[in-house]
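Each chain, written out:
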Amino acid sequence: MPTFEYAPAPESRSIVDIRSSYGLFINGEFVDGRSGDTRKTVNPASEEVLAEVVEAGEADVDAAVAAARHAYDQVWGRMRGADRAKYLYRIARVVQERARELAVLESIDNGKPIRESRDVDIPLVAAHFFYYAGWADKLKHAGFGENPRPIGVAGQVIPWNFPLLMLAWKIAPALAAGNTVVLKPAETTPLTALAFAEICQQAELPPGAVNIITGGGETGRLLVEHPDVDKVAFTGSTEVGRAIAKSVAGSQKRLTLELGGKAANIVFDDAAIDQAVEGIVNGIFFNQGHVCCAGSRLLVQESIAEPLLDRLKRRMALLRLGDPLDKNTDIGAINSAAQLERIRELSSAGEAEGADRWSPPCELPARGFWFAPTLFTGVSQAHRIAREEIFGPVLSVLTFRTPAEAVEKANNTPYGLSAGVWTEKGSRILAIADQLRAGVVWANTFNKFDPASPFGGYKESGYGREGGRHGLEAYLAH
Amino acid sequence: MHPPKADPQGAPPPVHPPKAQSRPSAGADSSTPAASRLAVRKTYKLFIGGAFPRSESGRSYVVSSAEGEFLANAAQASRKDVRDAVKVARGAVAAWAGATAYNRGQVLYRIAEMLEGRRAQFVDEVRVGEGLGKSAAESAVNAAIDRWVWYAGWSDKIAQVYGNANPVAGPYFNLTSPEPTGVVGVLAPQDSSLLGLVSVLAPVIVTGNTCVVLASDARPLPAITLAEVLATSDLPGGVVNLLTGQVAETAPWLAGHMDVNAIDLTGASDPGFATDLEVAAAENLKRVVRPDHSEDWTAEPGLDRMLAFLEPKTVWHPKGI
Amino acid sequence: MTVTAQTTGATTGHGAGGRQVDHSLGDVARSEAALRTFLHGLAGVDQVGADARAAVLGTRSIKTSAKEWAIDLGIRMVDLTTLEGADTPGKVRALCAKAQRPDPSDPKCPPVAAVCVYPSMVATAVRELRGSGVHVASVATAFPSGQAPMAVKLDDTRAAVAAGADEIDMVINRGAFLSGRYLEVFDEIVAVKEASGDAHLKVILETGELATYDNVRRASWLAMLAGGDFIKTSTGKVAPAATLPVTLIMLEAVRDFRAVTGRQIGVKPAGGIRTSKDAIKYLVLVNETAGEDWLDPNWFRFGASTLLNDLLMQRTKMATGRYSGPDYFTLD
């Protein structure tokens, strides 16, 4: 029994109003699905059923794309940038006004701690809309030509790890540039996207500019393969990304992909060690490790490996796992039974392949999907847990002796989304950053996001960038 | 400002000619029929450090409508007011320049929201001050608010357009980033009392500078109402300081002030006067924006007015293990 | 003056081949150069990272039973302080009464840890607090600036001890520290420790003047190596005084020092801690940095004056359910 017990500090659920069922948001209204297929969405912390949503079929996808096309041709694609900007500012403001409600809803549907959805996800959502609102009437200054035009209708498919934030990353630049969108949220996390649909109504966004259709993999496939979608944007697994890239081959469709990662977090012996430990912990345990850019491989200089690991283990023991709505929770629920199974399977493989597994003592709640923060030492590059994306709170630790070896190991992966470098020596940061084959390099920090900062990967982590001036490129016609 | 049809209290102050008929409305309560209610008239003071003091000189001057009718007694700023305003503006630089671009953008967007809320008041003041018809005044005010929204969106983008990494020929990281120059003196346009004013003010502060603005001599009322908007918009005190009065008297002190980093001479309508100010400004090598009398305030601005007050800083750092 | 081996507890480690190696830290003060090499060899602190860690810990939500417990602990950790030129015996007597019985309407409210006064007021405090369990802490060494000859600073210390002080709060020589004369700072602390006799020595780093977190880390280690029993952030006479990040660095230092030497040192943030909310943030910091061994008035103190009333107000609100006001608590 600890000396200082933090009493339960639950955020109230009463601020959200979850309906028992939702329709599809097409042409500015909620409409029933045409096929009658539905799916239930569940609270991963308790396995409680939250709501029933539509499983959109071919006719629904057609209707949504048609609405987007009409809105593009008649209204949004012709609208002055300054007016598009005003709509986006309105949306940003409503997100700010409803921030607490959205944060609670996100935690309930996704399983992430309320502290994260409240302090990270939702503020970034508003910020993305604010940022891109400001570009809508300045496109000629963005460096993509004197009179850049939108592409048309964008089909966008997003993952379950940052549901509303991934929606913002997709919709904000698309609308700012003058495109209209049909977006499919992940099958396990539809609720904040549906709340966003209401926000579009509150902002009086022209009908059809944004359409939200719920469904699983098949719905996504129908959307990205739809002949009247001009631009596809996908964030998710490399496996599905590859399939999409094949499906658009030979067409005129523009495509951007933001896929998996297996980022190396490199710690040199002269790192600011306490902050490096925080960075490692943040890198892999933030959002339960459900982060494409997670620092899932710790590459620590051999000369400090032992003291670093001691500190790391001591720090991991302070992580609080439990009810996502408790304000003191650091680690929430795993998003689904399927994901939990994958994490377990890979962790077992880690042990089977000879790595040493460690977790701090951790009581897992009886119901819901949970996985204790886990550390593997004695990992080699050949182990599955060093090569495959686990997408969970599991850290694989490898060592290196020289900077060149660190870079070589960091780059030795088909992925290339992000990397971390920890050293107090500025020139080393810059030299190593130059050599890392990753789209985002975090030096002496990790998992930092900003709407002004471009994000995206090299190699099989995808192509295209989201955020910043660079993030406009994907939504402008060449 | 609504005078009563008949003044039962006796003669108005002797300085101003009495008027028996209803005056052109410039300010609150223009929709109320003149006979039913005595208006509470607004006092137009200076705006320094987030507060509204009178001029330390105690002077005021008459502001008239385009038709020559009395509108208000506005404070007449002195050189000491200029001195005080510059000091306050300097004190506000660290916090405003040090705020995140996102934060500055949020503040400016809030200002646009407050401007929108006061549209009717601005339309009145622009109409009587500039002698415009109602729809021309509305266009000007709409354009001013939209101009403000346009500039608000630049705060977190100008660095991406005007800054960049430089591919130098050696193992060096090299980055150019624009930084605000500091305290900017602004002579607001003499004629375009809101749209022109907004067009010279917004680019200065969105880039992180603070300023001392000399309002149009004859048409200062929208400027003071704008100051009221600024005071209610989370803008830190001292970022914008606004002085009404005679530009011929105050501008030389601003142009010659050694703790002002830049000056926008737009409101110096006489070319000889503008030249004198530019000479005075050269003493500490202020960055100078010269007046352009053919400027069309309705046209979309380019980047010039922001770039004029930005200093690109280039940092080198070796790259080596 | 070179002093060796002031610290206790050599630790042993394993060199190559399992040979026992003596890592006694006392050696580091054998010369100016050795001490500088040691202090400059400590790991750096990333300022942004440290600030971020302190800020996240500040978002912990401590409610209901946890809050009650924390408030009572907070009260028990207060060094109730008056350090004014205008202090008189009357003022100090009133403070001592409050220290023993902080809440006039609730005898169950615990007393504070100590009263902290200038040396000239120690005798009064000792008389008032005799038998109460509340300690008498005295500032010394030409507090707050420390700008006086060494002999004067030692006399200052001895006078306070002779008058009955249980604890001495000294200031380090910041001028010497900032100009790199680490051994001089070290030697002064050693001398003051000796002059303190049995009294417990707190070493004030004056973190606001040290400016960087790297300096705070180095000064913390220096003070512990020289024999301090507590490291303290500030005199409270200079802004900024105590902050969460600075206290975080100091808590990391005492944690690491114990791991290496086996000796536990206390931490006291002082100045600028005004509300219960602030105090609770500090307790969370202690809990999740140095650990629960430090959650005790023997190892953690708050140097404060107005904080006490806010703790009492929050304590009352938790007991009665009503927000209280200053009229219900004494102003001394």
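All values reported here derive from a predicted model rather than from experimental measurement. (Residues numbered from 1 in each chain as written. Chains lettered and ligands numbered in written order. Predicted model: local features only at pLDDT ≥ 70, side-chain atom pairs only at ≥ 80, totals over all residues.)

Trainee: Please explain the overall build of chain C as it appears in this structure.
Mentor: Secondary structure summary: chain C contains 13 helices and ten strands in total. Rg of the C-alpha trace for chain C: 20 Å, near the compact-globule value of 20 Å for 332 residues, within the 12% margin. In terms of overall dimensions, chain C has a C-alpha envelope of 65 × 45 × 35 Å along the principal axes. Put simply, 72% of the contacts in chain C that link residues at least 6 apart link residues at least 24 apart. (Helix = DSSP H or I, 4+ residues; strand = E, 2+ residues; numbered from the N terminus. Rg over C-alpha atoms; globule rule 2.2 N^0.38 Å. Contact = placed C-beta atoms within 7 Å.)

Trainee: I'm lost on the overall build of chain A in this one. Help?
Mentor: From N to C terminus, chain A includes 14 helices and 17 strands. Computed over its C-alpha atoms, the radius of gyration of chain A comes to 22 Å, within 12% of the 23 Å expected for a compact globule of 478 residues. Expressed as lengths along the three principal axes of its C-alpha atoms, the size of chain A is roughly 65 × 50 × 35 Å. Here chain A, with 478 residues, has 60% of them falling under the buried criterion. (Buried ≥ 20, exposed ≤ 12 C-beta atoms within 10 Å, placed from the backbone.)

Trainee: Where do I start with the arrangement of the chains in this structure?
Mentor: Among two pairs of chains with at least one contact, chains A and C form the most extensive contact set. The two units chain B and chain C are non-contacting; their minimal C-alpha-C-alpha distance is 15 Å.

Trainee: Would you mind showing me how to read the interface of chain A and chain C here?
Mentor: A common way to state how big an interface is: give the accessible area lost once the parts meet. Of the residues lining the interface, 20 residues belong to chain A; the matching set on chain C comes to 22 residues. Ranked by residue count, the leading element in the side of chain A that touches chain C is helix H9 (residues 273-285) of chain A, at five residues. Looking at the side of chain A that touches chain C residue by residue, the class counts come to eight nonpolar, six polar and six charged. (Nonpolar A, V, L, I, M, F, W, Y, C, P; charged D, E, K, R; others polar.)

Trainee: Would you take a moment to explain unusual backbone geometry for this structure?
Mentor: Leaving glycine out, the prevailing phi sign among residues is negative, and the prevailing peptide bond configuration is trans. Residue Pro144(C) is bonded to the preceding Phe143(C) through a cis peptide linkage, with omega at 0°. Within the secondary structure, Pro144(C) is located in the loop between strand E5 (135-139) and helix H6 (150-162). The omega angle of the peptide bond from Ala239(C) to Pro240(C) is -5°, so this bond is cis rather than trans. Looking at the element boundaries, Pro240(C) is found in the loop between strand E8 (230-232) and helix H11 (244-261). Positive phi, normally seen in glycine, also occurs at Asn287(A), with a value near 60°. Here Asn287(A) shows up in the loop between H9 and strand E11 (297-301). For Gln288(A), which is not glycine, the phi dihedral falls at a positive 60°.

Trainee: Help me out: how do you make sense of the interface of chain B and chain A in this one?
Mentor: In this assembly, 20 residues from chain B lie in contact with 23 residues from chain A. Of all the elements in the fold, those that place two or more residues in the side of chain B that touches chain A are helix H2 (101-117), helix H4 (134-152), helix H5 (158-162) and strand E10 (310-318) of chain B. No other element matches the four residues that H4(B) contributes to the side of chain B that touches chain A. Class assignment for the residues of the side of chain B that touches chain A results in eleven nonpolar, five polar and four charged.

Trainee: Even after reading the chapter, I still don't get H2(B), so can you show me in this structure?
Mentor: Each α-helix winds once per 3.6 residues, and so residues spaced three or four apart point in a common direction. For H2(B), with 17 residues, the first-to-last C-alpha span of 25 Å sits near the 24 Å given by 1.5 Å per residue. When we look at burial in H2(B), the residues that qualify are Ala101(B), Arg104(B), Gly105(B), Gln106(B), Val107(B), Leu108(B), Tyr109(B), Ile111(B), Ala112(B) and Leu115(B). On its buried face, H2(B) sits against helix H2 (81-97) and helix H4 (114-133) of chain A together with H4, helix H6 (195-206) and helix H7 (221-231) of chain B. (Expected span 1.5 Å × (residues − 1).)

Trainee: Would you take a moment to explain the sheet that holds strand E14 (residues 394-400) of chain A for this structure?
Mentor: Two strands in a sheet stick together by hydrogen bonds in their backbones, pointing the same way (parallel) or opposite ways (antiparallel). Residue and element names in this part refer to chain A. In spatial order, the strands read E12-E13-E14-E11-E10-E15-E16; together these seven strands make up an open sheet with mixed pairing. In this open sheet, the two edge strands, each paired with only one partner strand, are strand E12 (356-358) and strand E16 (440-443). Between one strand and the next, the sheet's axes are offset by a mean angle of 20°, whatever the strand orientation. Contacts between helix H10 (residues 305-316) and the sheet are confined to strand E10 (264-267), E11, E12, strand E13 (374-377) and E14, with E13 contributing the most and set at about 165° to the helix. (Pairing = 2+ DSSP bridges. Axes fitted to C-alpha atoms, helices over the stretch in contact; angles between N-to-C directions.)

Trainee: How do you make sense of the sheet that holds strand E7 (residues 240-243) of chain B when you look at a structure like this?
Mentor: All names here are of chain B. Read from one edge to the other, the open sheet built from five strands follows the order E7-E6-E5-E8-E9, with strand pairing classed as parallel. With partners counted over all chains shown, the strands left at the sheet margins are E7 and strand E9 (287-289), one partner each. The mean inter-strand angle of the sheet, taken between neighbouring strand axes irrespective of direction, is 15°. The pairing of strand E8 (residues 262-264) with E9 spans three bridges and is parallel. Note on E9: the bridge partner recorded for Ala-262 is Arg-287. Each of strand E5 (183-187), strand E6 (210-214), E7 and E8 touches helix H8 (residues 247-255); the most contacted strand, E6, lies at about 155° to it.

Trainee: What's the story with the pairing of strand E1 (residues 60-64) of chain B in this structure? I'm lost.
Mentor: Residues in a regular strand point their side chains to alternate faces of the sheet. All names here are of chain B. The pairing of E1 with strand E2 (residues 70-75) spans five bridges and is classified as antiparallel. Each residue of the ladder has a partner; that of Ser-60, found in E2, is Ala-75. Joining the antiparallel neighbours E1 and E2 is a turn of five residues, in which Gly-68 adopts a positive phi near 90°.

Trainee: Could you clarify how one ought to interpret the environment of Arg287(B) in this entry?
Mentor: Residues and elements named next belong to chain B. Note that Arg-287 resides in strand E9. Considered as a pair, Arg-287 and Gln-121 are 166 residues apart in the sequence and their alpha carbons are 35 Å apart. Setting aside residues up to four positions removed in sequence, Arg-287 forms contacts with Thr-181, Asn-261, Ala-262, Ala-308 and Phe-309.

Trainee: Sorry, what's going on with the nonpolar core here?
Mentor: For soluble globular proteins, nonpolar side chains are generally found buried alongside one another. By size, the foremost hydrophobic cluster in this structure holds 188 residues, and its most contacted members are Leu88(A), Phe129(A), Trp148(B), Leu201(B) and Cys211(B). Those residues in contact with Leu201(B) that lie beyond four places of it in its chain are Val186(B), Cys211(B), Val213(B) and Val240(B). Of all hydrophobic cores here, the second largest spans 169 residues; its members include Val115(C), Leu201(C), Leu225(C) and Ala241(C). (Core = buried A, V, L, I, M, F, W, Y, C linked by C-beta atoms within 7 Å.)

Trainee: What is the right way to look at the confidence of the model for chain C in this model?
Mentor: Detail in the predicted coordinates should be disregarded across regions flagged by low pLDDT. Residue and element names in this part refer to chain C. Taken over all residues, the pLDDT of chain C has a mean of 92, while the share at 70 or more is 92%. Low pLDDT, under 50, characterises residues 1-22; the predicted model gives this stretch 42 contacts beyond four residues in sequence or across chains. The ipTM for the predicted assembly is 0.93, set against a pTM of 0.93. (pLDDT = per-residue confidence, 0-100.)

Trainee: Please explain the environment of Ala337(A) as it appears in this structure.
Mentor: For Ala337(A), the position within the fold is in helix H11 (residues 337-352). A sequence separation of 49 residues divides Ala337(A) from Ala386(A), and the C-alpha atoms of the two residues are 23 Å apart.

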